[in-house]
Amino acid sequence: MPDPIQRLADELGDAFTAEPSALQRARTDRSGWVSDSAPSGIVMARGIDDVQAALRIAAEHRMPVVPRGAATGLAGGAAAVHGELVVDVSGMDRILQIAPDDELAVVEPGVINADLDAALAPHGLWFAPDPASKDISTIGGNIATNAGGLLCAKYGVTREAVLGLKVVLAGGRVLRTGHRTVKGVTGYDLTSLFVGSEGTLGVIVEATVRTLPRPSGAPTTLVGFFSGVRQAAAASAAITAARLRPALCELLDAASLEAITAYLGEDGGLVHEPIGGGASGASLIVQFDDADAGARAAEAAALVRGAGGTVRLSSDVEEAERLLALRRAFHPALAAQGEVLIEDVAVPRSRLADMFEQIERIEREYEVRIPTVAHAADGNLHPNFVHRGPEVPDVIWRAAGDLFTTALRLGGTLTGEHGVGVLKRRWLREELGDDSYDLQREVKAVFDPFGILNPGKVFA
Ligand SMILES: Cc1cc2nc3c(=O)[nH]c(=O)nc-3n(C[C@H](O)[C@H](O)[C@H](O)COP(=O)(O)OP(=O)(O)OC[C@H]3O[C@@H](n4cnc5c(N)ncnc54)[C@H](O)[C@@H]3O)c2cc1C
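Residues numbered from 1 in each chain as written. Predicted model: local features only at pLDDT ≥ 70, side-chain atom pairs only at ≥ 80, totals over all residues.

1. Considering the overall build of the protein
Across its full length, the protein carries 17 helices and 19 strands. Computed over its C-alpha atoms, the radius of gyration of the protein comes to 22 Å, within 12% of the 23 Å expected for a compact globule of 460 residues. By its C-alpha atoms, the protein is 75 × 55 × 45 Å across when sized along the principal axes. Counting only residues that meet the buried cut, the protein has 51% of its 460 residues in that class. Relative to all contacts within the protein whose residues are 6 or more apart in sequence, the contacts with residues 24 or more apart total 73%. (Helix = DSSP H or I, 4+ residues; strand = E, 2+ residues; numbered from the N terminus. Rg over C-alpha atoms; globule rule 2.2 N^0.38 Å. Buried ≥ 20, exposed ≤ 12 C-beta atoms within 10 Å, placed from the backbone. Contact = placed C-beta atoms within 7 Å.)

Take a look at the structure:
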């Protein structure tokens, strides 16, 4: 049998490349993790047939396959090494159907999240999953990582939006899961199994996604300014406990506010400077989008004041957009300072203040700065480490390790939305426990008997 590279080149023609600069790019994603060698080839899939051919040839040669979308992942999941074949589906980017009556859409995996949302808008529909990377990440990647975002507090994570999938399995067989109905409980829920599977079970080649009516009212947005992060976390916990159900509730600590203000200049002051001057030690952006948004925001404002904060309220749509743009500017603001390791742990919401206290301890113990933002109403924190690249210094890995085990000790999880990839596989058994870890490996083996689907990712 000819070698797999020759067969791929012969059977896939232009869709196959071993061009050195493309191979080099496939060594990494946006996590900062870079594999120690380049993969052996890339299939730039044009359609399901290309993915099937790639997986058939790969299985016959026991060649590992790394599925890849837009490579914005933050866990190293789409990064490949020598001997591996990258199956890049970012070019499969057609919206196949929008069905307004059924409030769903059928898409290829490479469709950019924000492009689908823009196409839904004229139909009065909305794609709720909203990772901060929605302008640059694919729906296939969002599903494979079960991506979250700012609006998860009320609208849930990507899983809530996935009704059905078409997946190419190892060997090239096409599997259909799920349904076009809102309800449906026949058989095991294989759709959910693929959501968040990080390319370890198959390559998602089509998705049927649920859409929601587009929110039409003007939201009311509250910014709370606090002397410190514990007060801000306490205010967020009080808003949750009062069942006010904000659409989003974002917490920014002092270092994040400083970074945003330095990056954006004057504009950053919107979230950093309380009326009356000074600098906030932590800010909370809370948005309500219900018909009674104003009343809910007023109740939340009382809770913010009760936690020691001062408040600015606005029902101006443009100001709301500017505030969220400021929050979304956090990643670029840190990236302007150096290389960034973006972390992602979650704790029960009642333990958010405790987690912030532990982050302060870790900063002192390891003598590192950890600017942190949080999707506070989800208990999901993004502690960040800025360093001079390209390698993440050992002290940062030790501090991050402490962060992960601390989150677990507080009843939390290693990753709220970015996934395990290569970066957190060391700690996976600790979170899952032996029985669950071993069973999950057995589940993978059912789908991937030769162990060729994204090996070394998720499981060590
Ligand atoms: C600035 C910035 C902000 C971000 N903000 C958020 C955020 O708010 N919330 C959040 O959850 N994430 C966030 N991310 C992380 C990232 O954007 C998400 O994880 C996103 O879902 C990845 O999509 P992608 O298309 O880039 O996937 P990739 O990075 O290409 O792949 C990610 C993983 O999914 C697998 N995969 C990709 N496509 C497929 C497919 N079709 N079939 C099977 N497996 C596949 C890959 O093998 C890999 O394991 C952010 C990243 C950046 C750079």
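What follows continues from the structure just given.
2. Section: the packing of helix α1 (residues 4-12) against helix α3 (residues 48-60)
Working note: a packed helix pair is described by the angle between its axes plus the distance between those axes. Remark: α1 packs on α3, axes separated minimally by 10 Å, with the N-to-C direction vectors making an angle of 160°. In terms of orientation, α1 lies roughly antiparallel with respect to α3. In the packing of α1 onto α3, the handedness of the crossing is right-handed. On α3, the residues touching Pro4, Arg7, Leu8, Glu11 and Leu12 of α1 are Asp50, Ala53, Ala54, Ile57 and Ala58. Within the contact of α1 with α3, the residues separate by chemical class into seven nonpolar, no polar and three charged. (Axes fitted to C-alpha atoms, helices over the stretch in contact; angles between N-to-C directions. Parallel < 35°, antiparallel > 145°, perpendicular 65-115°, else oblique. Left-handed = near helix turned anticlockwise from the far one by under 90°. Nonpolar A, V, L, I, M, F, W, Y, C, P; charged D, E, K, R; others polar.)

3. Quick notes on the nonpolar core
Core analysis: the largest hydrophobic core is formed by 134 residues, its most contacted members being Val43, Ala54, Val65, Val87 and Val209. Sequence-distant contacts of Val43, that is, excluding residues within four places in its chain, are made with Leu8, Leu12, Ala15, Phe16, Asp50, Ala54, Leu85, Val87 and Asp88. (Core = buried A, V, L, I, M, F, W, Y, C linked by C-beta atoms within 7 Å.)

4. Some thoughts on the sheet that holds strand β5 (residues 95-99)
With respect to topology, five strands assemble into an open sheet ordered β5-β6-β10-β8-β9, the strand pairing being antiparallel. In this open sheet, the two strands that pair with only one neighbour each are β5 and β9 (174-178). Mean inter-strand twist for the sheet, computed between neighbouring axes without regard to direction, equals 10°. On the sheet, helix α4 (residues 113-120) packs against β5 and β6 (104-107) and is oriented at approximately 40° with respect to β5. (Pairing = 2+ DSSP bridges.)

5. Some remarks on the pairing of β6
Two faces, one strand: in a regular strand the side chains alternate between the faces of the sheet. Direction of pairing for β5 relative to β6: antiparallel, over a ladder of four bridges. Residue pairing across strands places Gln97 opposite Val106, the latter belonging to β6. The pairing of β6 with strand β10 (residues 203-210) spans four bridges and is antiparallel. Within the sheet, the bridge partner assigned to Leu104 lies in β10 and is Arg210.

6. Observations regarding the site of the ligand
Around the ligand lies a shell of 38 residues, among which Gly69, Gly73, Gly77, Gly141 and Gly199 are the nearest. At the level of secondary structure, the elements contributing two or more residues to the shell around the ligand comprise β3 (65-68), α5 (139-145) and β10. Looking at the shell around the ligand residue by residue, the class counts come to 14 nonpolar, 18 polar and six charged. (Near = placed C-beta within 6 Å.)

7. Some points on the domain arrangement of the protein
Split into domains, the protein comes out as domain 1 (4-88), domain 2 (95-213), domain 3 (220-326) and domain 4 (334-424). In this assembly, 18 residues from domain 3 lie in contact with 17 residues from domain 4. A total of seven residues in the side of domain 3 that touches domain 4 trace back to one element, the largest contributor, which is helix α8 (residues 229-241). Taken together, the residues that form the side of domain 3 that touches domain 4 break down as 12 nonpolar, three polar and three charged. (Domains from an automatic or database assignment.)

8. Quick word on the environment of Glu431
One can find Glu431 in helix α16 (residues 428-432). For the pair Glu431 and Gly411, spaced 20 residues apart in sequence, the C-alpha to C-alpha distance is 9.7 Å. Setting aside its immediate chain neighbours within four residues, Glu431 contacts Leu408, Thr413 and Leu414.

9. Description of helix α15 (residues 394-409)
It helps to recall that an α-helix has 3.6 residues per turn; residues three or four apart then point in one direction. A rise of 1.5 Å per residue sets the reference length of α15, with its 16 residues, at 22 Å; its end C-alpha atoms lie 23 Å apart and thus fit the reference within 8%. For α15, the set of buried residues is Ala399, Ala400, Leu403, Phe404 and Ala407. End-on, the buried residues of α15 take up no more than an arc of 145°, which puts them together on one face. Every exposed residue of α15 that faces more than 90 degrees away from the buried side is listed here: Asp394 and Arg409. Buried positions along α15 lie against β16 (339-342), β17 (345-346), α14 (352-366) and β19 (380-387). Gly411 sits one or two residues past α15 and shows a positive phi near 90°. (Expected span 1.5 Å × (residues − 1). Arc of directions from axis to C-beta.)

10. Some details on unusual backbone geometry
Positive phi outside glycine occurs at Arg62, with the angle close to 55°. Using a count of 10 C-beta atoms within 10 Å as the deciding quantity, one classes Arg62 as exposed. Even without being glycine, Val458 reaches a positive phi, approximately 70°. As for its placement among the helices and strands, Val458 is situated in the segment after α17 (434-447).

11. Here we look at helix α12 (residues 317-328)
With 12 residues, α12 ought to run about 16 Å at 1.5 Å a step, and its terminal C-alpha atoms sit 17 Å apart, in line with that. Of all the positions in α12, only Leu323, Leu324, Leu326 and Arg327 are classed as buried. Buried positions in α12, seen along its axis, are confined to an arc of 150° and lie on one side of it. Residues Val317, Glu318, Glu321 and Ala325 are exposed on α12 and point more than 90 degrees away from its buried face.

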